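Analysis of the macromolecular model
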Amino acid sequence: MQEKIIILDFGSQTTQLIGRRVREMNTYCEIVPYNKFPVGDSSVKGVILSGSPHSVYDEKSFRTNFSDFKGKLPVLGICYGAQLMVHEQGGKVEAAGMREYGRAHLQNISTGDELLKGIPNGSQAWMSHGDTIISLPENYRTIAATKEVPNAAYKIEGEQTWGVQLHPEVFHSEDGPTLLQNFIRICGCQQDWTPASFVETTIASLKQQLGNGKVVLALSGGVDSSVAAVLLHRAIGKNLTCIFVDNGLLRKNEFESVLDGYAHMGLNVLGINAKERFYSELKGVTDPERKRKIIGKGFIDVFDEEAHKLKDIKWLAQGTIYPDIIESLSITGTTIKSHHNVGGLPDKMNLKVVEPLRLLFKDEVRRVGRELGISDTLIGRHPFPGPGLGVRILGSITPEKVRILQEADHIFIQGLRSSELYHKVWQAGAILLPVQSVGVMGDERTYENAVALRAVMSTDGMTADWAQLPYEFLARISNEIINRVKGVNRVVYDISSKPPATIEWE
């Protein structure tokens, strides 16, 4: 049984970041709602309590049953988690006279404390709290302070239980990794959860789960579905059939190149050309949400029709990853966002679902893909929206507009690759604007389309900043698009950050 650390989520924006930091140390962890501790699970080696937007003295603040684990397993409370233990055991937590937000420096660090081992006085830590611990319960001992916070960290005597008001998961906490590493060591974790071990255990698990059952998987050409396909292929071979639908909204030559790439990987892939069907259903539609729904439903219908042509299919495979699982449930257990992969298909097709990547973050999927020997060309691909160019053509969609955008986008992306800029940005693409502008080409006046280029820097897509690409590069790409793409006479560059803008325009 895979050993793990449980992270109880009290609603902090950085809960996922805690999970990623722990996993970066080759230790498996799971994020669960604050009230869903897996009682009786012997594989749990320790518990981390996350932060929260609430104050511990709010009537509606989240509580957990500490008797399930406190005093039985190592526990680390972070910010709200630390304050909650103090509050519930008779200590005092109050609104701070001055909110401590940003960099602080640890001082009066208790020598010999296991959690703070190797962290020097003066170590920079990141604080983000409006409340502070005023006084500790009787059996609690302060092990670190800052200039503004006398109880920045504490330990409970007689237990392997700690609380810290700093955020060790945040990059600006210089010795945060050391603190988390110390906690993992206190938990007695083997730290042997690697891409290689994941591949080995997942393939064995899939063989047992699926047996001789036949599986169908919708491929998108992206990282998640491709890695899921290779894992399944390693487990069940010819019993896996993949379907790749060309909705007419892919990048230039993508349908052919993706099919060729999958063929070299030994996958059994059916390529379905459904361009005309999608163009017909999208004709005259300008509302972004309607376009998304038409494209989504069209994909489901095509996939369903093709899957029903296959015999004895029992399973539907999806490239669902861990953030999808976390985001699909609020910390109260209520669905707030459905999975994005193939919504609606399991009920419609009466198939059981298998999700081999459901425990992985995006960066972990890429590491597993490399472990499986998938090419860096595919593994390193930028994120691409599910509706494809349908949300990068503002306004109505026509085959001619698709042609224009595919050509412009191709020049931009290939330019990024040839200039060794592609892997330096998170995501890039071109957008066809629903405006025309006056231009001069040769001795003639033109009235043609404008194209916007978009490139952003990000780590997870939740926030993003516009990429400051070299002026010389932008000038060259603009010139190439205007000269080579018939129907375009103006190119602009989007310098909006997220928030307030989004990465995609629609």
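Everything quoted here is computed from the prediction, not taken from an experiment. (Residues numbered from 1 in each chain as written. Predicted model: local features only at pLDDT ≥ 70, side-chain atom pairs only at ≥ 80, totals over all residues. Heavy atoms only, no water.)

1. Quick look at the confidence of the model for the protein
Scored by pLDDT, the protein has a mean of 90; 93% of the residues are at 70 or more. Throughout residues 332–343 the model reports pLDDT below 50, and contacts reaching past four residues in sequence, or to other chains, amount to 25 contacts. (pLDDT = per-residue confidence, 0-100. Contact = heavy atoms within 4.5 Å.)

2. Examining the sheet that holds strand β2 (residues 29–33)
The strand order across the open sheet built from seven strands is β2-β1-β3-β4-β9-β8-β7, with neighbouring strands paired in mixed fashion. Edge strands, defined here as strands with exactly one partner in the open sheet, are β2 and β7 (140–144). If you compare each strand with its neighbour and ignore which way they point, the axes differ by 25° on average. With three bridges connecting them, strand β3 (residues 44–49) and strand β4 (residues 75–78) associate as parallel partners. Within β4, the position partnered with Ile48 by the bridge is Leu76. Each of β3, β4, β7, β8 (153–156) and β9 (161–164) is contacted by helix α2 (residues 80–88), which is oriented at about 110° to β4, the strand it contacts most. (Pairing = 2+ DSSP bridges. Helix = DSSP H or I, 4+ residues; strand = E, 2+ residues; numbered from the N terminus. Axes fitted to C-alpha atoms, helices over the stretch in contact; angles between N-to-C directions.)

3. What about the packing of helix α7 (residues 275–282) against helix α8 (residues 288–308)?
With their axes 10 Å apart at the nearest point, α7 and α8 run at an angle of 145° to one another. Our pair here, α7 against α8, has a crossing hand that is right-handed. Seen from α7, the contacting residues are Arg277, Phe278, Glu281 and Leu282; seen from α8, they are Lys291, Ile294, Ile295, Gly298, Phe299, Asp301, Val302 and Glu305. (Left-handed = near helix turned anticlockwise from the far one by under 90°.)

4. Topic: the pattern of salt bridges
All told, the structure shown has 25 salt bridges when counted by the stated rule. A salt bridge links Glu157 to Arg141; the nearest nitrogen and oxygen atoms lie 2.9 Å apart. Here Glu157, found in the loop between β8 and β9, pairs with Arg141, found in strand β7; they are 16 residues apart in sequence, far enough to count as distant. Bridged by salt links that share partners, the residues Arg20, Asp363 and Arg367 form one connected network. (Salt bridge = Lys/Arg side-chain N within 4 Å of Asp/Glu carboxyl O.)

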